[in-house]
Amino acid sequence: MTAGSLALHIRAASISDWEVLAALRDLPGVRSGTLRLPFAPPEQTRRWLESLTENDMVIVAELEGQMVGLAGLHRHKGRRRHAADIGMSVHDDYRRRGIGKALLEALTEAADRWLGILRIELTVFTDNEAAIGLYRNAGFVTEGVLKSYALRDGAYADVFAMARLRA
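Given the structure is predicted, the values throughout are model-derived calculations rather than measurements. (Residues numbered from 1 in each chain as written. Predicted model: local features only at pLDDT ≥ 70, side-chain atom pairs only at ≥ 80, totals over all residues. Heavy atoms only, no water.)

Undergrad: Help me understand unusual backbone geometry, please; the structure alone is not making it clear to me.
TA: Positive phi, normally seen in glycine, also occurs at E64, with a value near 50 degrees. With a relative accessible area of 65%, E64 lands in the exposed category. A positive phi angle, near 65 degrees, is found at R96, a position not held by glycine. Its place among the elements puts R96 in the loop between β5 (83-90) and α4 (99-113). (Buried < 20%, exposed > 50% of the residue type's maximum accessible area, 1.4 Å probe, protein only. Helix = DSSP H or I, 4+ residues; strand = E, 2+ residues; numbered from the N terminus.)

Structure (structure tokens):
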């Protein structure tokens, strides 16, 4: 895959990536799009990676040897086994270069062709226009607005609940 004119490498995340991923997840722009708190201990990322199960697919994007993105697909259990949540983050300095698109395509392809997942769900802050556009272009539709969903930078912020159904 390419991001701009550079080769982008997408692979499974490894527990040994925990320190680099902890730094990525703590970037101000990345954190503002997630529910992570500031000053999260780096070891929290290691514990999260260690807790993943066969219901989780977590991938990373590397560009010229630097980790520039992280994305995960987390399958539900029981009667919701046909559905999964998706989440992703792109390094603050590498946004709008096709990295999010490449990560999203990799996970939706795995969901469709290998995992048999019918429904992929996500939430996205309503002011994250770039992410909303990316998701819409990938076939996600807005199913609702969750008001005052999370405290972000001192104010309660709304999110869109979006989903994509495999045709």
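Right, picking up where we left off after that structure.
Undergrad: Looking at this structure, how should I read the side chain of T45?
TA: Residue placement: T45 occurs in helix α3 (residues 42-51). Classification of T45 by relative accessible area gives buried; the value is 0%. Here the side chain of T45 touches R25 through a polar contact of 3.1 Å, side chain to side chain. Excluding its chain neighbours within four sequence positions, the residues that come into contact with T45 are W18, L21, A22, R25 and R36. (Polar contact = N/O pair within 3.5 Å; in protein donor to acceptor, adjacent residues only side chain to side chain. Contact = heavy atoms within 4.5 Å.)

Undergrad: In this structure, what is going on with the layout of surface pockets? I would like to understand it.
TA: A probe as big as a water molecule, rolled over the atoms, marks out the empty space that is left. Roughly 1200 Å³ of internal volume is contained in the largest pocket. Together, 40 residues line the largest pocket, and G33, T34, M88, S89 and Y135 are the ones closest to its centre. Contributing elements (two or more residues each) for the lining of the largest pocket: α2 (28-32), β4 (66-75), β5, α4, β6 (119-125), α5 (129-137) and β7 (141-152). Top contributing element to the lining of the largest pocket by residue count: β5, with six residues. Broken down by class, the residue content of the lining of the largest pocket amounts to 19 nonpolar, 12 polar and nine charged. Here the second largest pocket is characterised by a volume of approximately 280 Å³. For the second largest pocket, the lining is made up of 14 residues, of which R36, P38, L151, R152 and D153 are closest to its centre. Contributing elements (two or more residues each) for the lining of the second largest pocket: α2 and β7. Class assignment of the residues belonging to the lining of the second largest pocket gives a composition of seven nonpolar, three polar and four charged. (1 Å grid on protein atoms, 1.4 Å probe; cavity = no way out; pocket = protein on both sides within 12 Å on 5 of 7 lines; lining within 4 Å. Points joined across faces, edges and corners; volume = space filled by probe spheres on them. Nonpolar A, V, L, I, M, F, W, Y, C, P; charged D, E, K, R; others polar.)

Undergrad: Sorry, what's going on with the nonpolar core here?
TA: Within soluble globular proteins, side chains that are nonpolar generally end up buried alongside one another. Counting residues in each nonpolar core, the largest one holds 28 residues, and the members touching the most others are L73, I86, I99, V124, Y135 and F140. Taken together, the elements giving at least two residues each to this core come down to β3 (56-63), β4, β5, α4, β6, α5 and β8 (155-165). Considering each element in turn, this core owes the most residues, six residues, to α4. Leave out the neighbours within four places in its chain, and V124 touches A131, I132, Y135, D158, V159, F160 and M162. (Core = buried A, V, L, I, M, F, W, Y, C linked by side-chain atoms within 4.5 Å.)

Undergrad: Explain the pattern of salt bridges to me, please; I cannot follow it from the model alone.
TA: A side chain of one charge can pair with a side chain of the opposite charge if their charged atoms are brought near each other. Tallied over the full model, the rule gives 13 salt bridges. In this structure, the salt-bridge partner of R46 is E50, at a minimum N-O distance of 3.3 Å. Placement of both R46 and E50 in helix α3 is noted, with a separation of four residues, approximately one turn of the helix. A salt bridge links E109 to R113; the shortest N-O distance between them is 3.1 Å. Of this pair, E109 and R113 are both found in helix α4, four residues apart, which corresponds to roughly one turn of the helix. The class of E109 is partly exposed, set by a relative accessible area of 40%. Under the relative-accessibility criterion, R113 is labelled exposed at 61%. The network of salt bridges with shared partners includes R80, R119, E121 and E143. (Salt bridge = Lys/Arg side-chain N within 4 Å of Asp/Glu carboxyl O.)

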